[in-house]
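Spelled out, the chains give:
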Amino acid sequence: MAKPVELYKGNAGGRCPVDVYLREEDEEVKFTDLRTLVDYSILNYTSETSTALERLACYKLSGDFDLDCSKTSAKRYSFKPVQDMYEVLWPVDEYPRDIVDSAETLVSASAAFWRCKTENQPYIKSRKIDWDSLRVEASEAEYDDELNDLNDFAHAVATIGNFMPVPSGHQSFLRYSGERYDLVLKKIWQHYCDSSKDEDEFFCAKKNLCWLDCFDGWNGFVDKNYLKGSFVDDGYQIVAFDNTFRQLSEMLENRSRAMHKEYEKRLEGSQRSATA
């Protein structure tokens, strides 16, 4: 099989440095919108968009790739920033790739647009989103508080906090949970409390259950997947979605912060070991 095309336009040597995942934007340090790291020259996609909302609409319209690809599942392309992050934070010796063989976004932009919609969103039609209309509005509209919240969310869904390696069947479970990760987490919590009550056929897939066995109970699952302080509070209680863009953006930013801190720690540790 031919080697997948590498989407990353940065330096291909070694692991991505920690500052790949952070950048200064509008005189503020923010987590990187990973779509800005794509080599646009090999995709039907534009880099000329000035807002995260425009980038999201163009990303959806391109239909050529997913940011959350992993080496085991991507056949046509690879994307080094996400792959490096997966391999450092979820090493293969702890999470075998014959089990953790796929990846997903915890918050679906499309589902959130419908769930968090307001009256002033004409691009949402019959439970579908007209991404081209949104692209035009994002480029022409005068941004108010509501549109700023939407733009912040469009940025947040493309940061590292929205990505996670999982078994391939887990994506079906998320989809049949209405793309609500709080409901997925509730099922996982129940599994660790009493696995005899597991019922959903997608949740009970063998690979999914083997994946859950990789963690030391509910607290271990939360800690090892960097969910504490974002999707789960400091007391290990699941945070229910309140159907606002602002809450989802804050969750993803908080998880990005936890993941970035651990990535930096592990990268520094591996570099010290290499020079010892």
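Here goes a summary of the coordinates provided. (Residues numbered from 1 in each chain as written. Predicted model: local features only at pLDDT ≥ 70, side-chain atom pairs only at ≥ 80, totals over all residues. Heavy atoms only, no water.)

**Considering the overall build of the protein**
Thought 1: Of regular secondary structure, the protein possesses 10 helices and 8 strands.
Thought 2: With the C-alpha coordinates aligned to their principal axes, the bounding extent of the protein is approximately 50 × 50 × 40 Å.
Thought 3: Here the protein holds 276 residues, and 47% of them are scored as buried.
Thought 4: Considering only intrachain contacts with a sequence separation of at least 6, the fraction spanning at least 24 residues in the protein is 69%.
Thought 5: Per element, the accessible surface of the protein, about 13900 Å² overall, is 46% carbon and sulfur.
Thought 6: With 35 positive and 50 negative side-chain charges, the protein shows a spacing of 5 Å between the two charge centroids. (Helix = DSSP H or I, 4+ residues; strand = E, 2+ residues; numbered from the N terminus. Buried < 20%, exposed > 50% of the residue type's maximum accessible area, 1.4 Å probe, protein only. Contact = heavy atoms within 4.5 Å. Areas by Shrake-Rupley, 256 points an atom, 1.4 Å probe, with all protein chains shown as cover. Lys, Arg positive; Asp, Glu negative; His and termini not counted. Charge placed at Lys NZ, Arg CZ, Asp CG, Glu CD.)

**Looking at the state of the cysteines**
Thought 1: Considering all chains together, one arrives at 0 disulfides under this definition.
Thought 2: Summary of cysteine pairing: Cys 214 is not part of a disulfide, and the nearest cysteine sulfur, belonging to Cys 210, is at 7.8 Å.
Thought 3: Exposure remark for Cys 214: the relative accessible area of 29% places this residue in the partly exposed category. (Disulfide = S-S within 2.5 Å.)

**Examining a negative patch on the surface**
Thought 1: Taken together, the side chains of Glu 24, Asp 26, Glu 27, Glu 28 and Asp 152 define an acidic patch exposed on the protein surface.
Thought 2: For Glu 24, the location among the structural elements is in strand E2 (residues 22–25). (Patch = residues over 30% accessible without salt bridge, like charges linked within 9 Å, V, L, I, M, F, W, Y side chains within 5 Å. Salt bridge = Lys/Arg side-chain N within 4 Å of Asp/Glu carboxyl O.)

**Considerations on unusual backbone geometry**
Thought 1: With phi around 55°, Glu 179 is a residue other than glycine that occupies positive phi space.
Thought 2: Note on placement: Glu 179 falls in the loop between helix H6 (170–175) and helix H7 (181–193).
Thought 3: Overall, Glu 179 belongs to the partly exposed group, its relative accessible area being 22%.
Thought 4: Even without a glycine there, the phi angle at Asn 243 is positive, about 60°.
Thought 5: When you line up the elements, Asn 243 lands in the loop between helix H9 (217–224) and helix H10 (245–275).

**Brief notes about the side chain of Asp 182**
Thought 1: You can see Asp 182 is positioned in helix H7.
Thought 2: The class of Asp 182 is buried, set by a relative accessible area of 5%.
Thought 3: Polar contacts involving the side chain of Asp 182 include one to the side chain of Arg 180, which spans 2.8 Å.
Thought 4: With sequence-adjacent residues up to four places away left out, Asp 182 is seen in contact with Ile 238, Val 239, Ala 240 and Phe 241. (Polar contact = N/O pair within 3.5 Å; in protein donor to acceptor, adjacent residues only side chain to side chain.)

**A closer look at the packing of helix H1 (residues 52–62) against helix H4 (residues 131–140)**
Thought 1: Where H1 contacts H4, the two axes come as close as 8 Å, and the packing angle between them is 155°. Regarding the angle of H1 to H4, the classification is roughly antiparallel. Note on packing geometry: the crossing formed by H1 with H4 is left-handed. For the pair H1 and H4, the contacting residues are Leu 53, Glu 54, Leu 56, Ala 57, Cys 58, Lys 60 and Leu 61 in the first and Trp 131, Asp 132, Leu 134, Arg 135, Ala 138 and Ser 139 in the second.
Thought 2: By residue class, the composition of the contact of H1 with H4 is 8 nonpolar, 1 polar and 4 charged. (Axes fitted to C-alpha atoms, helices over the stretch in contact; angles between N-to-C directions. Parallel < 35°, antiparallel > 145°, perpendicular 65-115°, else oblique. Left-handed = near helix turned anticlockwise from the far one by under 90°. Nonpolar A, V, L, I, M, F, W, Y, C, P; charged D, E, K, R; others polar.)

**Some words on the packing of aromatic side chains**
Thought 1: This structure, assessed with the given rule, holds 15 aromatic pairs.
Thought 2: With a centroid separation of 6.1 Å and 55° between ring planes, the pair formed by Phe 113 and Phe 153 is classed as tilted. Pair noted here: Phe 113 is in helix H3 (residues 109–115) and Phe 153 is in helix H5 (residues 145–156), with a separation of 40 residues, a long-range link.
Thought 3: Taking relative accessible area as the criterion, Phe 113 reaches 0% and is therefore assigned buried.
Thought 4: With a centroid separation of 6.3 Å and 50° between ring planes, the pair formed by Tyr 192 and Phe 221 is classed as tilted. Within this pair, whereas Tyr 192 is found in helix H7, its partner Phe 221 is found in helix H9, the two being separated by 29 residues in sequence. (Phe/Tyr/Trp six-rings, centres within 6.5 Å; stacked < 30°, edge-to-face > 60°.)

**Structural notes on the pairing of strand E3 (residues 28–31)**
Thought 1: Bridge analysis of E2 against E3 gives 4 bridges, and the strand direction is antiparallel. Counterpart to Glu 24 in the pairing with E3 is Val 29.
Thought 2: Between E2 and E3, which pair antiparallel in sequence order, lie 2 residues; one of them, Asp 26, sits at a positive phi of approximately 55°. (Pairing = 2+ DSSP bridges.)

**Concerning the packing of H1 against H5**
Thought 1: Viewed as axis vectors pointing N to C, H1 and H5 meet at an angle of 55°, and their least axial separation amounts to 7 Å. By the angle class used here, H1 and H5 are oblique. Crossing handedness for the pair H1 and H5: left-handed. Touching Ala 52, Leu 53, Arg 55 and Leu 56 of H1 are Leu 147, Leu 150, Asn 151, Ala 154 and His 155, all from H5.
Thought 2: Residue classes in the contact of H1 with H5 are distributed as 6 nonpolar, 2 polar and 1 charged.

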